[in-house]
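Report on the structure
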Amino acid sequence: HHPKPGMEHRIEPAPMYDAPFYKGSEKLKGKVALITGGDSGIGRAVAVLFAREGADVAIAYLTEDEDANTTKAAVEKEGRRAILIPGDVSERAFCEKAVAKTVKELGRLDILVNNAAFQIHSSDFEDLTEEHFDTTLKTNLYGYFHMAKAALPHLGPGSAIINTGSVTGIEGSKELVDYSMTKGGIHAFTRALAGNLVGKGIRVNCVAPGPVWTPLNPSEKEAQDVSQFGSQTPMKRPAQPEEIAPAYVFLASPQMSSYITGEILPIVGGY
Ligand code: NAD
């Protein structure tokens with residue numbers, strides 16, 4: 001069905017947000033956060049904003065590259081400490097090492113941000129191999145599980161675990177079948193673990209972004225127009241990572257969200 005000529009609604013994309021981003025104050029003063037995938041994209045924006053809020057940050061990430069050094073420098077510019085911990089979150093031994101190193105070098109652990117993820121598009125389900133499926137599950141589910149397990153002995157009242165989910169975990173993405181499965185799993189993990197840890201005073205929440213302009217998406221390199229990626233949202237544009245990061249501060253800070261646990265917070269441009 002096509003609207004009659006002249007009758008179609010012309011809805012322009014939302015203007016790109018180009019006013020100053022939220023700069024932070026001292027909501028996380030004295031705290032230590034461990035952020036997986038903290039070298040790049042959403043994780044980097046969270047690391048920098050956490051530092052502005054007074055936290056020291058440990059950054060776990062997959063491969064040695066310039067991204068991690070850039071993030072470390074940005075955290076240090078905020079006057080906070082940053083340590084880099086390269087390795088693979090799908091391995092339990094690495095997760096245990098990352099937590100131990102954080103506590104040894106930064107003195108404590110208050111906030112775990114499970115954010116590292118693996119994603120590859122496959123347009124046909126037939127093309128999705130078991131090997132690919134395995135990597136997705138190992139990074140996105142085992143990674144979150146191992147990190148939460150390793151962090152738990154150090155967490156207590158006032159601590160928070162924040163998982164990065166995705167809108168694909170709510171409604172599924174046809175080109176990301178395995179990834180959508182894991183993101184739905186992360187949402188359920190959030191709710192179940194929140195209930196399990198409530199008596200310890202540890203809150204567990206999840207941020208579920210829609211399209212975000214980061215290196216995770218091949219479209220960043222390919223897209224002619226930024227509005228192409230995100231065109232399915234009412235705003236008709238993707239988020240910038242800095243538009244997602246304040247939600248992590250909100251969910252990490254007991255001052256702001258002490259009565260919130262087990263929630264999935266979609267940030268999806270009105271989708
Ligand atoms: P990104 O590629 O910028 O950052 C992800 C980082 O995760 C990488 O830099 C890498 O260092 C790390 N990583 C990947 N596999 C790892 C492993 N096995 N071990 C350790 N570290 C590993 O991507 P991003 O878009 O900032 O993604 C961050 C989170 O946001 C992911 O959980 C992703 O699923 C989620 N997300 C992204 C979007 C989006 O549109 N960009 C939308 C919804 C959800």
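From a predicted model like this one, the values you see are computed outputs, not experimental measurements.

**Thoughts on the overall build of the protein chain**
- The number of helices and strands found in the protein chain is 9 helices and 7 strands.
- Relative to the 2.2 N^0.38 estimate, which gives 18 Å for 271 residues, the radius of gyration of the protein chain is 19 Å and therefore close to what a compact globule would have.
- Put simply, 73% of the contacts in the protein chain that link residues at least 6 apart link residues at least 24 apart.

**A short note on the sheet that holds strand β5 (residues 160–164)**
- Strand order in the open sheet formed by 7 strands is β3-β2-β1-β4-β5-β6-β7, with parallel pairing between adjacent strands. Single-partner strands in this sheet number two, and they are β3 (82–86) and β7 (264–267). Strand after strand, the sheet turns through a mean of 15° between neighbouring axes, direction not considered.
- As paired elements, β5 and strand β6 (residues 203–209) share 5 bridges and run parallel to each other. Paired with Ala-160 across the bridge in β6 is Arg-203.

**As for the environment of Arg-203**
- Here Arg-203 lies in strand β6.
- Considering only alpha carbons, one finds Arg-203 and Tyr-259, 56 residues apart in sequence, at a separation of 8.7 Å.
- Filtering out sequence-adjacent residues up to four positions away, Arg-203 remains in contact with Ala-160, Ala-194, Ile-260 and Thr-261.

**Let's talk about the confidence of the model for the protein chain**
- Model confidence for the protein chain is summarised by a mean pLDDT of 93, while 93% of its residues fall at 70 or above.
- For this predicted complex, the interface confidence reaches an ipTM of 0.99, while the overall pTM sits at 0.93.

**Concerning the packing of helix α1 (residues 41–52) against helix α2 (residues 66–77)**
- With their axes 8 Å apart at the nearest point, α1 and α2 run at an angle of 20° to one another. Taken as axis vectors, α1 and α2 run roughly parallel relative to one another. Helix-helix and strand crossings are classified by hand; for α1 and α2 the assignment is right-handed. Of α2, the residues touching α1 (which contributes Arg-44, Ala-47, Val-48 and Ala-51) are Thr-71, Ala-74 and Val-75.
- Its residues placed into classes, the contact of α1 with α2 shows 5 nonpolar, 1 polar and 1 charged.

**Side note on α2**
- Over its 12 residues, α2 runs 16 Å from end to end, which matches the ideal 16 Å to within 8%, given 1.5 Å per residue.
- In the core, the buried residues of α2 are packed alongside α1, β2 (56–61) and β3.
- Trailing α2 by a residue or two, Gly-79 shows a phi angle of about 85°, which is positive.

**What to know about the packing of α1 against helix α8 (residues 245–252)**
- Running from amino to carboxyl end, α1 crosses α8 at an angle of 55°, the nearest separation of the two axes being 8 Å. Relative to α8, the element α1 is oriented oblique. The crossing of α1 and α8 is right-handed. Contacts from Ile-42, Ala-45, Val-46, Leu-49 and Phe-50 of α1 reach α8 at Ala-245, Pro-246, Tyr-248 and Val-249.

**What about helix α4 (residues 130–151)?**
- Compared with the 32 Å implied by 1.5 Å per residue over 22 residues, the 30 Å span of α4 between its first and last C-alpha is a close match.
- Roughly 35° is the biggest bend found in α4, and it falls at Tyr-142.
- All of the buried residues in α4 are Thr-136, Thr-139, Asn-140, Gly-143, Tyr-144, His-146, Met-147, Ala-148, Ala-150 and Ala-151.
- Here the buried face of α4 lies against β1 (32–36), α3 (92–106), β4 (111–114), β5 and α6 (177–197).

**Side note on the nonpolar core**
- Of all hydrophobic cores here, the largest spans 64 residues; its most connected members are Leu-34, Val-46, Phe-50, Val-57, Ile-59 and Tyr-248.
- The biggest single contributor to this core is α1, with 8 residues.
- Those residues within four positions of Val-57 in sequence are excluded, and the remaining contacts are Ala-33, Ile-35, Gly-38, Ala-47, Phe-50, Ala-51, Val-75, Arg-80 and Ala-82.

**Some words on the environment of Ala-208**
- With respect to the helices, strands and loops of the structure, Ala-208 is situated in strand β6.
- Considering only alpha carbons, one finds Ala-208 and Ile-170, 38 residues apart in sequence, at a separation of 8.6 Å.
- Aside from chain neighbours lying at most four places away, what touches Ala-208 is Gly-165, Ser-166, Val-167, Gly-169, Ile-170, His-187, Ile-264, Leu-265 and Pro-266.

Reading the values: the criteria
- Residues numbered from 1 in each chain as written.
- Predicted model: local features only at pLDDT ≥ 70, side-chain atom pairs only at ≥ 80, totals over all residues.
- Helix = DSSP H or I, 4+ residues; strand = E, 2+ residues; numbered from the N terminus.
- Rg over C-alpha atoms; globule rule 2.2 N^0.38 Å.
- Contact = placed C-beta atoms within 7 Å.
- Pairing = 2+ DSSP bridges.
- Axes fitted to C-alpha atoms, helices over the stretch in contact; angles between N-to-C directions.
- pLDDT = per-residue confidence, 0-100.
- Parallel < 35°, antiparallel > 145°, perpendicular 65-115°, else oblique.
- Left-handed = near helix turned anticlockwise from the far one by under 90°.
- Nonpolar A, V, L, I, M, F, W, Y, C, P; charged D, E, K, R; others polar.
- Expected span 1.5 Å × (residues − 1).
- Bend = angle between axes of the 7 residues up to and from the residue.
- Buried ≥ 20, exposed ≤ 12 C-beta atoms within 10 Å, placed from the backbone.
- Core = buried A, V, L, I, M, F, W, Y, C linked by C-beta atoms within 7 Å.

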